[in-house]
Amino acid sequence: SDDASSSARLRASRLRQALVRLGPAFVKVGQALSSRPDLVPPAYIEELGKLQDDTPRFPTQLAMSIVQDELGCSIEDVFESVSELPVAAASLGQVYKATLRESAFTRMNEQFEREGKHAPFPSRTVALKVQRPGVAAGILMDLCIVRSMATWVDENVDRIGDIEVAQPFAPLVDEFAVRLFGELDYLMEGANCEEFERLYGSLPRIRTPRIAWPYTTNRSLVMEWVDGVKLTDVEGIRAMNRTVLEFVDVGVECTLRQLLGEGMSHADPHPGNLLATADGELCYLDFGMVTYTPPETRCAVISHVVHLVNRDYEAMAIDYYDLDFISRDVDTRPLVPALRDFFEDDIGVLNSTVATLNFKALVDGLGAIFFKYPFRVPSFWALILRSLTVLEGLALNADANYRMLGRAYPYVAQRLLTDSDPRLRASLLEFVVEDVRNNGGSGARGRGIVVNDSQLAGPARSLGGVSARRAPPLALAPPPGAIRRKKLRWSRLLDLVQNAEGSIEGIDAESVLTGMEYIVSDEGKVLRTCLRNDVARMIDVVALSQLRAATMVAAESPVLSFAVGGNQPNGATSAADRYFPVSANDMEVQKEVDCATQAAQLILASANDDHHAHTSPTVPVTATATATSSSPPPPPSSSSSSSSPFPFPLPSPPDLSSLPLPPPPPFPLPLPPSPFPSQQQMGSADILSVFGASSGVVSILNDEAHRQRIIELARGRGGDAAGELTAETLTLAGERVTARLVRAASRLFESL
């Protein structure tokens, strides 16, 4: 109720004020609890978050005496000037703006040059951070008290109101104490800052301050002064002709790299530690606390996203073991209905696109679930989630329509597509591969009319080099609901590629090469089989389109119209529909052709741009491409790959017209003396002639020389495995097209 909500907010406010009065250790406890939705109700989360703002300052004279003791010399020996008042204050220390003396500045750069470890320091203007006096002793005493209280709660309290206590508090206090005492060591903070720069400084628009090591000690830290404003200062950012959103986007990308990439994360995520500069850079400050995400957890995050998209709530519940959210001796099955209700009923996550999903609503909703069940959110998780929530909050203040997940998804897509980690490869397969189940008899090929091979001359011949398959007896058909085969979700793959292109790194040539090597490897068997089958189906549909077009032309020929029914009303269309009907499955495959074509164009264009392998424009592939005479493509040469890591030059998506094919036959076709050859003497070439399909994809599949040329081209560019895959695909495609021609021939014989 409203009264209960107001009462909770009032109690939370009183708790925050009490923590401030108790001192730095308790302020830090409150700050830590503000990012733990599994431990603290939402009203307290919001109130304790206010502890990230400024705290009371201590006298400057006392601060300068600490610096002098740490340096072992007078302040004037190192600093030309120091601001009278601190420019910022936090629970453990405060910061001044200062200027190094010219002599001190010169000595530092000479030392850097001798050591060869650091570039010259950029400026004499520095930030001087000083630790609060006596803070270590005070924190030690406070933490002893807090741990005693936590131990008593663990031993005596099982429930708080209606909520069962999910995990012991004493270990949390121990973990917090380790991090807090680490934050008191400014030498460690400087090292953390440099490590963060090493890992993420190469990202566009990410910056950290340089450390002035000769003047940095355990209790005083001297670093480069960075001019900028807090991300909460909307007017200040606008005065720089910048927007909050552009800095938030940079922060989201960097935060995701911290969580899912290198694993080292800034562990004190609040707006005061992020500066927006006039150059458009986002500068991270205060590295006293950092955290590390285990490699297995980074992969589990992406796997969890895949299971969410697949609506696999059972797998999502199991993911919480790998995410270390819940003990493995806890049964997660009761979580499944709660997850389903939340994602499908409460906020309709799966009825929304990723780009329109509100991240805070997602985190708050999951936090409510975590609070009701025996969850334990690892500290690095809580801090990352808080960081992303803070960034989205800043963006929403500037643009109510901003959706952070829409900006974050490109990086996730890029990792899913390009990372070679076996666990992420498995997640990719889960995302883009689906099981096609038998529906009681209908299948991808359809049942159609099957005729005996004796109805065609040369019964062992087919377009792919293998005789046409007959439909299996009904007794051998798989039972309804059984998995019939696996196939790619091409629309999802296209969506991944399009989003990955929007990330900072995109899809580079090395990633494409690694992906190709994976496809032809033993580990890539599932994906390779899906590609072979799906591409064969696509070739079949392209051939269907060309067969229909050729039949419509043949139906208008005075010589052949009687054979294909062209002399009937709407004869051309009727002939195409009679002999080469289009099924609902064919229409679905045509959509897959479109998705596959776009995905291939984007991947190859991105890889080509990455290595400048080609400057010619991409040639699009269409389902109705026609064959023309042309010179054969040149064989691959060693010089063509000298500027690229590929063993072959990256081509544009192939156009069927680039293959050397014979010109289409003239109409009307020259016929034997009799009006039509007998059925027993009629071969596949005759069938093709009747339907006017002596060129295009069908002709390629029907000509052994053409097939071998394509196979050798693939082998020369991608190795034996690529050649074998191409041969299998062409054979399978030939079988499918042969089956269509067999059915068409059967109908043709019936009409004669």
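Every value quoted in this text rests on a predicted model; they were computed, and no experiment measured them.

Thresholds, definitions, all that
- Residues numbered from 1 in each chain as written.
- Predicted model: local features only at pLDDT ≥ 70, side-chain atom pairs only at ≥ 80, totals over all residues.
- Heavy atoms only, no water.
- Salt bridge = Lys/Arg side-chain N within 4 Å of Asp/Glu carboxyl O.
- Helix = DSSP H or I, 4+ residues; strand = E, 2+ residues; numbered from the N terminus.
- Pairing = 2+ DSSP bridges.
- Contact = heavy atoms within 4.5 Å.
- Axes fitted to C-alpha atoms, helices over the stretch in contact; angles between N-to-C directions.
- Parallel < 35°, antiparallel > 145°, perpendicular 65-115°, else oblique.
- Nonpolar A, V, L, I, M, F, W, Y, C, P; charged D, E, K, R; others polar.
- Expected span 1.5 Å × (residues − 1).
- Buried < 20%, exposed > 50% of the residue type's maximum accessible area, 1.4 Å probe, protein only.
- Disulfide = S-S within 2.5 Å.
- Polar contact = N/O pair within 3.5 Å; in protein donor to acceptor, adjacent residues only side chain to side chain.
- pLDDT = per-residue confidence, 0-100.

**Observations regarding the pattern of salt bridges**
Scanning the entire structure with this criterion turns up 33 salt bridges. Ionic pairing is found between Arg16 and Glu47, a salt bridge with its closest N-O pair at 2.7 Å. In this pair, Arg16 sits in helix H1 (residues 2-22) while Glu47 sits in helix H3 (residues 42-48), placing the two residues 31 residues apart along the sequence. We note a salt bridge from Glu704 to Arg707, for which the minimum N-O separation is 2.1 Å. With Glu704 and Arg707 both in helix H27 (residues 704-751) and three residues apart, this pair spans about one turn of that helix. Through salt bridges with shared partners, a single network forms among Glu434, Lys487, Asp534, Arg537 and Glu592.

**With respect to the sheet that holds strand E9 (residues 229-230)**
Pairing in this open sheet of four strands is mixed, and the strands run E7-E12-E11-E9 from one edge to the other. Here the strands that pair on one side only, and so sit at the sheet edges, are strand E7 (206-207) and E9. Lying on the sheet, helix H11 (residues 244-262) is in contact with E7, strand E11 (274-276) and strand E12 (282-284); it crosses E12 at an angle near 45°.

**Remarks on the packing of helix H12 (residues 295-309) against helix H18 (residues 422-432)**
Across the interface, H12 lies against H18 with an axial gap of 9 Å and an inter-helix angle of 0°. The orientation of H12 with respect to H18, classified from their angle, is roughly parallel. Together, Pro295, Glu296, Cys299, Ile302, Ser303, Val306, His307 and Val309 of H12 and Arg423, Leu424, Ser427, Glu430 and Phe431 of H18 make up the contact between the two elements. In the contact of H12 with H18, the residues fall into seven nonpolar, three polar and three charged.

**A short note on helix H17 (residues 404-418)**
With 15 residues, H17 ought to run about 21 Å at 1.5 Å a step, and its terminal C-alpha atoms sit 22 Å apart, in line with that. Within H17, twelve of the 15 residues are buried, which leaves the element mostly enclosed by the surrounding structure. For H17, every residue scored as buried is listed here: Met404, Leu405, Ala408, Tyr409, Pro410, Tyr411, Val412, Ala413, Gln414, Arg415, Leu416 and Thr418.

**Here's the deal with the state of the cysteines**
For the coordinates displayed, the defined rule picks out zero disulfides. The structure places no disulfide on Cys283, whose sulfur is separated from the nearest cysteine sulfur, that of Cys193, by 7.8 Å.

**Describing the side chain of Thr255**
Structurally, Thr255 can be placed in helix H11. What makes Thr255 buried here is its relative accessible area of 2%. Polar side-chain contacts of Thr255 include one of 2.7 Å to the backbone oxygen of Gly251. In this structure, Thr255 is in contact with Tyr284, Ile384, Ser387, Leu388 and Leu391, ignoring residues within four places of it in sequence.

**Re unusual backbone geometry**
One non-glycine residue with positive phi stands out, namely Asn241, at about 60°. A positive phi angle, close to 60°, is found at Arg311, a residue other than glycine.

**Some points on the confidence of the model for the protein**
Across the protein, the average pLDDT comes to 75, with 74% of residues at 70 or higher. Ignoring residues within four places in sequence, the model shows residues 440-482, a span with pLDDT below 50, making 76 contacts including any to other chains. Across residues 611-682 the pLDDT falls below 50, and counting only partners more than four positions away or on other chains, this stretch makes 124 contacts in the model.

**Comments concerning helix H9 (residues 186-200)**
Its 15 residues give H9 an end-to-end C-alpha distance of 21 Å, which sits within 8% of 21 Å, the value for a rise of 1.5 Å per residue. Here H9 has its buried residues at Tyr186, Glu189, Gly190, Asn192, Cys193, Phe196, Leu199 and Tyr200. The distance from a side-chain oxygen at the start of H9 to the backbone nitrogen of Leu187 is 3.1 Å, and the residue carrying that oxygen is Asp185.

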